[in-house]
Amino acid sequence: MNNLKLSGVLLFLAGSFALMGIITAEALYPSGTDYTTFNSEISDLGATRPPNSLIYQPSSSIFNTTMLLSGLMTLTATFYQHRYFKKLLFSIPLGLFGLGLVGIGIFSGDKAPYHGMFAMLTFLSGGLSAIASAKIASAPFKYIGILFGSIALFTWFAAMFVSHIIFPVIGIGGTERWVVYPIVLWITGFGGYLMNTTTNKYQNNKK
């Protein structure tokens, strides 16, 4: 298995683990806690914000472990794909995205301000990574990366600067998911793209 395929496997698994980990943690979150996708942030699965933080098991351990593993896989994938493409414009934001996921896994929502700092790093670098992947991906996937990254960043900016408009429509939880899920879907798809044999032949022909 060459560096490109190994990177693809790791990114595909990172995205899949993140998505399934969130779903599993939500499914096991206790009923009667007022947790909803409209009102609750994804990170509430690990721990809610202070000062009166709430932690429910096994959801907390599942979420935190998932983020940590997904982050470590993304960081490893960043190393291997950079050895192949050598594109810092893509490798830097992708590496920061992996670092952000690791930070979220270590610093759950009750650990302010560190959790918020790593969450912001994850949101921004994830969106930028998707857009920057156009430097190494071919059409049509390069345009999917630009689209999904733009959706994530646009939603994040809307949450920061016009929250009074977007929060009443889809809630803080729905808004955050419109930031996170496009990135998760992109990184899963990008992993599959890198694993594709045709992709490897195409890139080899470009060199």
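For the structure, see preceding data.
Residues numbered from 1 in each chain as written. Predicted model: local features only at pLDDT ≥ 70, side-chain atom pairs only at ≥ 80, totals over all residues. Heavy atoms only, no water.

K.L.:
Got a minute to help me understand the overall build of the chain in this structure?
P.N.:
Counting secondary structure elements, the chain contains seven helices and zero strands. For 207 residues, the compact-globule formula gives about 17 Å, and the C-alpha radius of gyration of the chain, at 17 Å, lands near that figure. Principal axes of the C-alpha set define a box for the chain whose edges measure 55 × 35 × 25 Å. Look at the contacts in the chain between residues 6 or more apart in sequence, and 70% of them connect residues 24 or more apart. A total accessible area of about 10,000 Å² is found for the chain, and carbon and sulfur atoms account for 70% of it. (Helix = DSSP H or I, 4+ residues; strand = E, 2+ residues; numbered from the N terminus. Rg over C-alpha atoms; globule rule 2.2 N^0.38 Å. Contact = heavy atoms within 4.5 Å. Areas by Shrake-Rupley, 256 points an atom, 1.4 Å probe, with all protein chains shown as cover.)

K.L.:
How should I be thinking about the nonpolar core in this particular structure?
P.N.:
One broad rule of soluble globular proteins: the nonpolar side chains tend to lie buried together. Counting residues in hydrophobic clusters, the biggest one holds 40 residues, and the most contacted among them are Leu45, Phe63, Met67, Phe90, Trp186, Phe190 and Leu194. Elements that contribute at least two residues to this core include exactly helix 1 (3-28), helix 2 (59-85), helix 3 (88-106), helix 4 (114-132), helix 5 (141-161) and helix 6 (163-195). Of the residues forming this core, the biggest block, nine residues, is contributed by helix 6. The contact partners of Phe190, leaving out residues within four places of it in the chain, are Leu11, Phe90, Ser133, Ile136, Ala137 and Phe141. (Core = buried A, V, L, I, M, F, W, Y, C linked by side-chain atoms within 4.5 Å. Buried < 20%, exposed > 50% of the residue type's maximum accessible area, 1.4 Å probe, protein only.)

K.L.:
Where do I start with unusual backbone geometry in this structure?
P.N.:
Both trends apply: most residues other than glycine have a negative phi, and most peptide bonds are in trans. In the segment running from Ala112 into Pro113, the intervening peptide bond is cis, with an omega of 0°. With respect to the helices and strands, Pro113 occurs in the loop between helix 3 and helix 4. Cis geometry is adopted by the peptide bond preceding Pro140, which originates at Ala139 and carries an omega value of 5°. On the secondary structure map, Pro140 appears in the loop between helix 4 and helix 5. Phi angles above zero are rare outside glycine, and Asp34 is one such case at about 65°. Take Asp34: it is sitting in the loop between helix 1 and helix 2.

Distances and angles like these do not, on their own, reveal function.
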